[in-house]
Amino acid sequence: MVGEQPVCPPQLLLRGWGTVLLSQCLPSVFSQIPDPELLPTDPPKKPDPITSESVVFWGLRLWQVIGIFAMFALAIVITLCCIFKCRIPRTKKEIEARHAQRQAAKKYANTLETVPPLNELTEIPGSVPDASAVPTVSEQVQAQSAHSSPPSVLSVGEEQPSSLSLPETE
């Protein structure tokens, strides 16, 4: 029988088809089996939350560290502002008032430079010194020391007549 093909027994055919189906299904089945390394474990313990009472370092609490840092930063800012004379923004009116104050101070300082000394102010410019003017105490001492060389020593009970005494009124 030339044209006939051999016939497979049905059991062999079922096994073949089963093998093909099984080879197709096994990868999808194996992908669903969890890997023991990937199985979930207990989650790691969360660290304690940081509060203001948490000890940060050297036994200091968080609020103490923040306070020390804030005081240090404030001291640096104040020092820098004093050294470099930082300008605080002002209104136009304040700036103009400060400028006028500086101009007035400069004008006053220039006026003071032109003021004559005090001894020149007591004399009237252009006048002849008056001989009848009342002499000062220093002029009296100089005049007295020119007339007598040793200074006179007064005892407690003696009084020296003074030319500067006021006229007596009756």
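Residues numbered from 1 in each chain as written. Predicted model: local features only at pLDDT ≥ 70, side-chain atom pairs only at ≥ 80, totals over all residues. Heavy atoms only, no water.

- Looking up the protein in an unreviewed UniProt entry gives the name Transmembrane inner ear, with the organism given as Oryzias latipes.

Things to note about the state of the cysteines
Thinking step 1. Throughout the structure, instances matching the rule amount to zero disulfides.
Thinking step 2. Summary of cysteine pairing: Cys82 is not part of a disulfide, and the nearest cysteine sulfur, belonging to Cys81, is at 7.0 Å. (Disulfide = S-S within 2.5 Å.)

Here's the deal with unusual backbone geometry
Thinking step 1. Despite not being glycine, Trp58 shows a phi value in the positive range, around 55°.
Thinking step 2. Among the structural elements, Trp58 can be located in the loop between β1 (55–57) and β2 (60–61). (Helix = DSSP H or I, 4+ residues; strand = E, 2+ residues; numbered from the N terminus.)

Notes on the pattern of salt bridges
Thinking step 1. What the rule picks out here adds up to one salt bridge.
Thinking step 2. A salt bridge links Arg61 to Glu53, with the shortest nitrogen-to-oxygen separation between them at 3.0 Å.
Thinking step 3. For Arg61, a relative accessible area of 31% corresponds to the partly exposed category. (Salt bridge = Lys/Arg side-chain N within 4 Å of Asp/Glu carboxyl O. Buried < 20%, exposed > 50% of the residue type's maximum accessible area, 1.4 Å probe, protein only.)

Description of the UniProt feature "transmembrane region" (unreviewed entry) in the protein
Thinking step 1. Under the UniProt annotation, "transmembrane region" (unreviewed entry) lies at residues 62–84.
Thinking step 2. Within the segment residues 62–84, helix and strand shares are 100% and 0% respectively, and the terminal C-alpha atoms sit 33 Å apart. (UniProt positions renumbered as here; feature names shortened; annotations may be inferred.)

Structural notes on the packing of aromatic side chains
Thinking step 1. Enumeration over the complete set of coordinates arrives at one aromatic pair.
Thinking step 2. Ring geometry for Phe57 against Trp58: centres 5.1 Å apart, planes inclined by 85°, an arrangement best described as edge-to-face.
Thinking step 3. Residue Trp58 is classed as exposed on the basis of its relative accessible area, which comes to 77%. (Phe/Tyr/Trp six-rings, centres within 6.5 Å; stacked < 30°, edge-to-face > 60°.)

Concerning helix α1 (residues 10–30)
Thinking step 1. Between its terminal C-alpha atoms α1 stretches 29 Å, which fits the 30 Å expected from 21 residues at 1.5 Å a residue.
Thinking step 2. Remark: the principal bend of α1, roughly 25°, maps to Gln24, with a proline, Pro27, within the next four residues. (Expected span 1.5 Å × (residues − 1). Bend = angle between axes of the 7 residues up to and from the residue.)

What about the side chain of Ser54?
Thinking step 1. Relative to the elements of secondary structure, Ser54 occurs in the loop between α1 and β1.
Thinking step 2. A polar side-chain atom of Ser54 sits 2.9 Å from the main-chain amide nitrogen of Thr51.
Thinking step 3. Sequence-distant contacts of Ser54, that is, excluding residues within four places in its chain, are made with Pro49, Leu60, Arg61 and Leu62. (Polar contact = N/O pair within 3.5 Å; in protein donor to acceptor, adjacent residues only side chain to side chain. Contact = heavy atoms within 4.5 Å.)

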